Amino acid sequence: MEWNSQSLRLVSHNDDLKKLRDKGYAIALDSDHLVIRDIPYLDEHGELKVGAIVCKLLFIDKDHVHQDDHQIYFSGSHPYELNGLKIANFGGGPVSIQLQSPDIKVERSFSNKPTATGKYADHFEKIENYVALISGPAMEKYPEATPYTFKEYVSVGDSIFKFNDSLTSRAGIGDLSARFNDEVIAIIGLGGTGAYILDFLVKTPVQQIRGFDLDTYHIHNAFRSPGALSNEELGQSKAEVYQRRYENFRHGLQLEPKFILAGSEDELAGVTFAFVCVDKGESRAKIHELLLKLYIPFIDVGVGLNRDSGAISGLIRTTYYSAESAQAIAEKKLAPMADYPDDVYKANIQISELNALNASIAVLRYKQIRGFYRDDNKFYNMLFDISDNRNVGENEL
């Protein structure tokens, strides 16, 4: 198998990883973990087994890593000596961490510090020490056993992001994040709420994000969208601004300066979920009609405000249209399909905190639907009242 680009880049920039590979260790990456497969050891019956060493990488930047600590994880049972006793001087204990590599199941951790210094100089010294302890008895009993197989394994966890996803691995949620791997998301409308949804999803390991908005980026947009304003962005399309702003973070980002209309079927081909973030009722109606026709599940968001009592009050709405129940939910007319002249949101009041909150609720709901977050209520419609900070939901059709 061939390595991917990140593995090659790290080996070329880190001498200790290069020494491991050159000596013949079967190393690969799993997000911010170094995985060394083909490690022979003896089980409790003295039989030859093969496990894997896993250790965390501390990323200094996208090209350079340091060792996180003196410990390792191990995929396999506890290794034994030739005399049938467990290998001594191993601290740690049973542990489980979630990796994205399907063949690696971490079962325990080991802790063995160098006596003289109390720390290892680098990954090469660390792995050499642990391999001598774990594999030594097996290599003595079985001359054919060797950890130096020179095999190359495909690294995982770095196909979408241009930086290593250390957040997922440090939190041990790789199995949950993997639920987004095949997702193709459409964000229709990149205004205030849509821009924050984009910001959140850019950092979610979905396969592709498609965004659509033909409107121009003006100064008032900067006050209710994430990120810093650059003068050269003013007057350009929102799609172009956000494409440049986020394309250094991930692959699979396609933001286009266009509107989604009733006939925009090609633009949504292959989309598995959509977010509708438009404030014009007529446009929303056409978009809903198209999504229902294509059986694409979607979330429609909205902020409705008024100034009846002087201070601004109103509601934040998040409505989920599943592929199965979309028509029944549409008939409830929860999302406005007409424009209301007194809605002060359209007067460009700078309310970035409400846009961000609306986006947060929408993305939280999406991740509940995909099983990332627990979902006890299964709401298809939620309303947050900014006057009393209460959230109410509907879950029965």
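The protein appears in an unreviewed UniProt entry as ThiF family adenylyltransferase from Chitinophaga oryziterrae.

A. Up close: the overall build of the protein. Regarding its fold elements, the protein presents 11 helices and 15 strands. Projecting the C-alpha coordinates of the protein onto the three principal axes gives extents of approximately 85 × 50 × 40 Å. Per-residue burial for the protein yields a buried fraction of 49% across its 397 residues. When contacts within the protein are restricted to residue pairs at least 6 apart in sequence, those whose partners lie at least 24 apart make up 65%. A total accessible area of about 18900 Å² is found for the protein, and carbon and sulfur atoms account for 50% of it.

B. Looking closely at the pairing of strand E14 (residues 381-385). Note that strand E13 (residues 311-321) and E14 share 5 bridges and pair antiparallel. Following the sheet pairing, Thr318 is matched in E14 by Met382. Relative to strand E15 (residues 390-394), E14 runs antiparallel, the two being bridged by 5 bridges. Counterpart to Met382 in the pairing with E15 is Gly393. Between E14 and E15, which pair antiparallel one after the other, the connecting turn spans 4 residues, and Asn389 there sits at a positive phi close to 55 degrees.

C. Just the packing of helix H6 (residues 192-202) against helix H11 (residues 352-369), in detail. Here H6 crosses H11 at 50 degrees, and the two axes come no closer than 8 Å. Taken together, the axes of H6 and H11 are oblique relative to one another. The interaxial crossing formed by H6 with H11 has right-handed handedness. In contact with Gly192, Thr193, Tyr196, Ile197, Phe200 and Leu201 of H6, H11 contributes Ser352, Asn355, Ala356, Asn358, Ala359, Ser360, Ala362, Val363 and Tyr366. Taken together, the residues of the contact of H6 with H11 break down into 9 nonpolar, 6 polar and no charged.

D. Looking closely at the UniProt feature "domain: THIF-type NAD/FAD binding fold" (unreviewed entry) in the protein. Mapped onto the present numbering, the UniProt feature "domain: THIF-type NAD/FAD binding fold" (unreviewed entry) falls at residues 182-303. This span, residues 182-303, is 31% helix and 20% strand, and a straight line between its end C-alpha atoms measures 30 Å.

E. Spotlight on the domain arrangement of the protein. One can read the domain layout of the protein as domain 1 (4-160) and domain 2 (182-385). Using only C-alpha atoms to locate each centre, domain 1 and domain 2 end up separated by 44 Å.

F. Geometry of the environment of Ser325. Tracing the backbone through its elements, the reader meets Ser325 in the loop between E13 and helix H10 (326-330). Separated by 280 residues in sequence, Ser325 and His45 have C-alpha atoms that sit 57 Å apart.

G. Geometry of the confidence of the model for the protein. Taken residue by residue, the protein gives an average pLDDT of 87. The fraction at 70 or more is 93%. When the elements of the protein are averaged for pLDDT, helix H4 (residues 166-171) gives the smallest value, 67, and strand E11 (residues 273-276) the largest, 98.

H. The arrangement of the nonpolar core in detail. With 32 residues, the main nonpolar core has Ile187, Ile197, Leu198, Leu201, Tyr242, Phe275 and Tyr366 as its most contacted residues. Looking at this core, the elements with two or more residues in it are strand E8 (184-188), H6, helix H8 (238-246), strand E10 (253-256), E11, strand E12 (298-309) and H11. Sort the elements by how many residues they give to this core and H6 lands first, with 6 residues. Beyond its immediate sequence surroundings of up to four residues, Tyr242 is in contact with Leu190, Ala195, Leu198, Tyr217, Ser225, Leu253 and Leu255. Grouped together as the second largest cluster of nonpolar side chains are 27 residues, Phe59, Val65, Phe90 and Tyr120 included.

I. Geometry of helix H2 (residues 15-23). Among the residues of H2, Asp16, Leu17 and Leu20 are the ones counted as buried. Looking down the long axis of H2, one finds its buried residues gathered within 100 degrees of arc, a one-sided arrangement. One or two positions beyond H2, positive phi appears at Gly24, with a value near 115 degrees.

J. Region of interest: unusual backbone geometry. In the Ramachandran plot, Lys378 falls in the positive-phi region, its phi being about 55 degrees despite a non-glycine side chain. Considering the arrangement of structural elements, one finds Lys378 in the loop between H11 and E14. Note on Lys378: relative accessible area 56%, which makes it exposed. The phi dihedral of Asn389 falls on the positive side, at around 55 degrees, and the residue is not glycine. Following the sequence through the fold, Asn389 ends up in the loop between E14 and E15. Accessibility expressed as a relative area gives 56% for Asn389, which makes it exposed.

Conventions and cut-offs
Residues numbered from 1 in each chain as written. Predicted model: local features only at pLDDT ≥ 70, side-chain atom pairs only at ≥ 80, totals over all residues. Heavy atoms only, no water. Helix = DSSP H or I, 4+ residues; strand = E, 2+ residues; numbered from the N terminus. Buried < 20%, exposed > 50% of the residue type's maximum accessible area, 1.4 Å probe, protein only. Contact = heavy atoms within 4.5 Å. Areas by Shrake-Rupley, 256 points an atom, 1.4 Å probe, with all protein chains shown as cover. Pairing = 2+ DSSP bridges. Axes fitted to C-alpha atoms, helices over the stretch in contact; angles between N-to-C directions. Parallel < 35°, antiparallel > 145°, perpendicular 65-115°, else oblique. Left-handed = near helix turned anticlockwise from the far one by under 90°. Nonpolar A, V, L, I, M, F, W, Y, C, P; charged D, E, K, R; others polar. UniProt positions renumbered as here; feature names shortened; annotations may be inferred. Domains from an automatic or database assignment. pLDDT = per-residue confidence, 0-100. Core = buried A, V, L, I, M, F, W, Y, C linked by side-chain atoms within 4.5 Å. Arc of directions from axis to C-beta.

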